[in-house]
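# Descriptive structure summary
This is what each chain is made of:
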Amino acid sequence: MTMASSVWDSIIGQKPTVDLLSRIASASHQSISHQAEGGGKKDLSQSWLICGAPGSGRSQVARAFAAALECPQGGCGQCPTCLQIMKGEHPDVTILATDKVTISIDQVRSLVTKSEQMPATAPWRILIIEDVDRMLERTTNVLLKEVEEPADRTIWLLCAPSSQDVLPTIRSRTRVVNLAIPPVAAISGFLQKTDGVEKPLADRCARLAQGHIGIARLYSRDDQALADRDEIVVSLLDLRKASDAVILAASMVDRAQSQAAASVQADVDRRTQEFLAVNGLGPQDKVPAALRGDFNAIGKKEDVRRRTTRLTRDVLDRFLTTISSVWRDMIIVQNGAEASSGLVNKENATAIINMAAGLSRQRVIANIRSVDLARRRLARNGSPLLVVEALLCSFLSA
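Residues numbered from 1 in each chain as written. Predicted model: local features only at pLDDT ≥ 70, side-chain atom pairs only at ≥ 80, totals over all residues. Heavy atoms only, no water.

The chain has the name DNA polymerase III, delta' subunit in an unreviewed UniProt entry, where Parascardovia denticolens DSM 10105 = JCM 12538 is given as its organism.

Shown next as C-alpha cells:
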C-alpha cells in the first residue's frame, strides 16, 4: 500500500470512486503549486454530492477526500492533517452531522458564515454535510447560493442516499459521485482485518447486513442485536394471525426505543465525562456557574428526546430492512435464482422455501412495497407502533 492511498484504507468496495477522487486530489495539489508559481487557475469542482445507500460509507468517503485534498502528500493517512480530518478535529474541515430528525436552519447559517472564511492552515476550507437530505426546503435554500458560487478556497462535500433525495436546485449545482453497494466478501474481509472478527462470523454478519458496513460491525460486536434480528425473522415466518402481528409490532417498537434510549444516554455520559475532564473537574465536583450552561446543555431533556426519536427511527429502519430481506429471499426462491443471487437468511432457508411455495409472486412483491410504504409513513412522523402494526397485518391479508 502506498502512502498516497492510505486515507482510503477504510473505504470498502469503492475502487472506481477512490481512483477518481485520488486523481482529482492529486491534480488539485498540482494546480495550487501552479498558481503559486504564477500560473493560471485549473478547474476543480468546489461543490460535490456524494451519494450512496445507507452503510455504503459516503461520509467516510467525504472525510477521506477532504484529507487527500488537504494533506501535503495527497492523503498519506499518517500526518497530523490526515489524522485530524479523519477524527473530525481539523480547524479547516468542518463536519455537520445530526442525530436529530432534521438539520436546523441555524446550523446551516453558521456553516455558511464559516465557508466565507479563508482556511487557516490548509489549502482549502472544506465543509462536509452528512445526510443533506435531512434538510427542509427552506434550510436548503440558505445553502443554495454558497454551493452555486463557493468562496475561492472553499469546497462543499454534501452526502445523501441518492441524488433524488436532494432538491434539484442543489443537485444541478454539484458534481455527483455515486457509490456502489459494498460486496459481502469485501465487508467480511474488512471485519476480519480491522476488527479481528473470525471468518465464519464475519461472513455471516456481512451477508445479513446487505451491504451496510455499520450494521455488519454492529452484528459482529453486539450479540443481542444479532439475536434480535434472528427473532424478527423467525417471528415473521411464523406470523399467522392479527394477534401475532400486534405482539411482534410491540416487541419491535419496544426494542427500538430501548436501544435508542440506551445509545443516547451512553453518549450523554461520555460527553459529560469528557467535559468534566477537559475542565479539570471530578465526578463529584460542583460545576462553576460560568460553565453550568454548557454542562447542562449536554443532557438537555428536549435534545435527548429528539435524538432518541431520530435513533428510534433508525433502529426501526434496520428492522424493516430485516423484514424486506425475507421477502427478497422469497423472490429469489420463486425465480430459481438461489445459485446466482444467494439467500440473505440462509439459516431460515427451509421455512422461506416453504412459505414461498404458498404465495404468488405478486403477493410477495406487494409485501415488499408495503415495507417501503411503512418507511415513508415513519419518515412523515407516523406513530411507530401503528405503522408497524399496519405493516405486519398487511402481510396477513389475502
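Further remarks concern the overall build of the chain. In terms of regular secondary structure, the chain is built from 17 helices and five strands. Expected size for 398 residues packed as a compact globule is a radius of gyration near 21 Å; at 23 Å, the chain falls within 12% of this value. Each principal axis of the C-alpha distribution contributes one length, and for the chain these read about 75 × 55 × 45 Å. For the chain, contacts bridging at least 24 residues in sequence account for 72% of all contacts bridging at least 6. Carbon and sulfur atoms form 52% of the exposed surface of the chain, whose accessible area is close to 19,700 Å². (Helix = DSSP H or I, 4+ residues; strand = E, 2+ residues; numbered from the N terminus. Rg over C-alpha atoms; globule rule 2.2 N^0.38 Å. Contact = heavy atoms within 4.5 Å. Areas by Shrake-Rupley, 256 points an atom, 1.4 Å probe, with all protein chains shown as cover.)

Time to look at helix α15 (residues 349-357). Here α15 has its buried residues at Ala 349, Ile 352, Met 355 and Ala 356. For α15, the arc enclosing every buried residue in end-on projection is 135°, short of the 170-degree limit, so these residues lie on one face. Turned more than 90 degrees away from the buried face of α15 sit Thr 350, Asn 354 and Ala 357, all of them exposed. Buried positions along α15 lie against α10 (223-237) and α13 (301-334). (Buried < 20%, exposed > 50% of the residue type's maximum accessible area, 1.4 Å probe, protein only. Arc of directions from axis to C-beta.)

What follows deals with the pattern of salt bridges. Scanning the entire structure with this criterion turns up 25 salt bridges. Between Arg 270 and Asp 267 there is a salt bridge whose closest N-O contact spans 2.5 Å. With Arg 270 and Asp 267 both in helix α11 (residues 242-278) and three residues apart, the pair spans about one turn of that helix. Accessibility expressed as a relative area gives 39% for Arg 270, which makes it partly exposed. When its relative accessible area of 18% is taken as the criterion, Asp 267 is described as buried. The structure contains a network of salt bridges with shared partners spanning Arg 58, Asp 131, Arg 134, Arg 310 and Asp 314. (Salt bridge = Lys/Arg side-chain N within 4 Å of Asp/Glu carboxyl O.)

Time to look at the domain arrangement of the chain. Reports often express the size of an interface as the amount of accessible area lost when the parts come together. Assigned domains of the chain: these are domain 1 (12-22 + 46-178), domain 2 (183-221) and domain 3 (242-396). The C-alpha centroid of domain 3 is placed 19 Å from the C-alpha centroid of domain 2. Opposite the seven residues of domain 2 that make contact, domain 3 presents nine residues. Of the roughly 660 Å² buried between domain 2 and domain 3 on both sides combined, carbon and sulfur atoms contribute 52%. Three residues stand out in domain 2 for area buried against domain 3, namely Arg 207, Gln 210 and Tyr 219, and they jointly supply 64% of the buried area on that side. Residue Arg 204 pairs with Glu 347 through a salt bridge whose shortest N-O separation is 2.9 Å. Counting every contact that joins domain 2 to domain 3 gives three residue pairs in polar contact (both at pLDDT 80 or more). (Domains from an automatic or database assignment. Buried area = accessible area lost by both parts, 1.4 Å probe. Polar contact = N/O pair within 3.5 Å; in protein donor to acceptor, adjacent residues only side chain to side chain.)

This paragraph deals with the packing of aromatic side chains. If you walk through the whole model with that rule in mind, you get three aromatic pairs. Look at Phe 275 and Phe 295: their rings are 5.6 Å apart centre to centre, the planes differ by 50°, and that puts the pair in the tilted class. One end of the pair, Phe 275, is in helix α11; the other, Phe 295, is in helix α12 (residues 289-298), and 20 residues separate them in sequence. Taking relative accessible area as the criterion, Phe 275 reaches 14% and is therefore assigned buried. Residue classification places Phe 295 among the partly exposed residues on the basis of a relative accessible area of 23%. (Phe/Tyr/Trp six-rings, centres within 6.5 Å; stacked < 30°, edge-to-face > 60°.)

On to the packing of helix α7 (residues 184-195) against helix α9 (residues 213-221). Here α7 crosses α9 at 55°, and the two axes come no closer than 10 Å. Looking at the two axes, α7 sits oblique to α9. As for how α7 packs across α9, the hand of that crossing is right-handed. Across the interface between the two elements, Ile 187, Phe 190, Leu 191, Thr 194 and Asp 195 from α7 touch Ile 213, Ala 216, Arg 217, Ser 220 and Arg 221 from α9. Grouping the amino acids of the contact of α7 with α9 by side-chain chemistry returns five nonpolar, two polar and three charged. (Axes fitted to C-alpha atoms, helices over the stretch in contact; angles between N-to-C directions. Parallel < 35°, antiparallel > 145°, perpendicular 65-115°, else oblique. Left-handed = near helix turned anticlockwise from the far one by under 90°. Nonpolar A, V, L, I, M, F, W, Y, C, P; charged D, E, K, R; others polar.)

Here we take up the confidence of the model for the chain. Confidence in the prediction for the chain averages 90 pLDDT; 94% of positions are at 70 or higher. Counting interchain partners and residues more than four positions distant, the pLDDT-below-50 stretch residues 36-42 has seven contacts. (pLDDT = per-residue confidence, 0-100.)

The next subject is α11. For α11, spanning 37 residues, the distance from its first C-alpha to its last is 54 Å, which sits close to the expected 54 Å at 1.5 Å a residue. Phi for Gly 280, located one or two positions after α11, is positive at around 65°. (Expected span 1.5 Å × (residues − 1).)

Okay, the sheet that holds strand β1 (residues 47-51) next. An order of β2-β3-β4-β1-β5 is seen for the five strands of this open sheet, with the pairing classed as parallel. This sheet does not close on itself; its edge strands, each paired only once, are β2 (93-96) and β5 (175-178). With direction set aside, neighbouring strand axes in the sheet form an average angle of 15°. The sheet contact formed by β1 and β5 spans four bridges and is parallel. (Pairing = 2+ DSSP bridges.)

Here we take up the side chain of Ser 28. Residue placement: Ser 28 occurs in helix α1 (residues 15-36). Among the residues examined, Ser 28 registers a relative accessible area of 3% and is labelled buried. Among the polar contacts listed, one links the side chain of Ser 28 to the backbone oxygen of Ala 25, at a separation of 2.6 Å. Here Ser 28 is in contact with Leu 44, Leu 69 and Trp 124, once residues within four sequence places are set aside.

The next subject is the packing of α9 against α10. Between α9 and α10, the least distance of the axes is 5 Å, while the angle of their chain directions is 105°. One way to sum up the angle between α9 and α10 is to call them roughly perpendicular. Of the residues in α10, those touching α9 at Leu 218, Tyr 219 and Arg 221 are Asp 223, Ala 225, Leu 226 and Arg 229.

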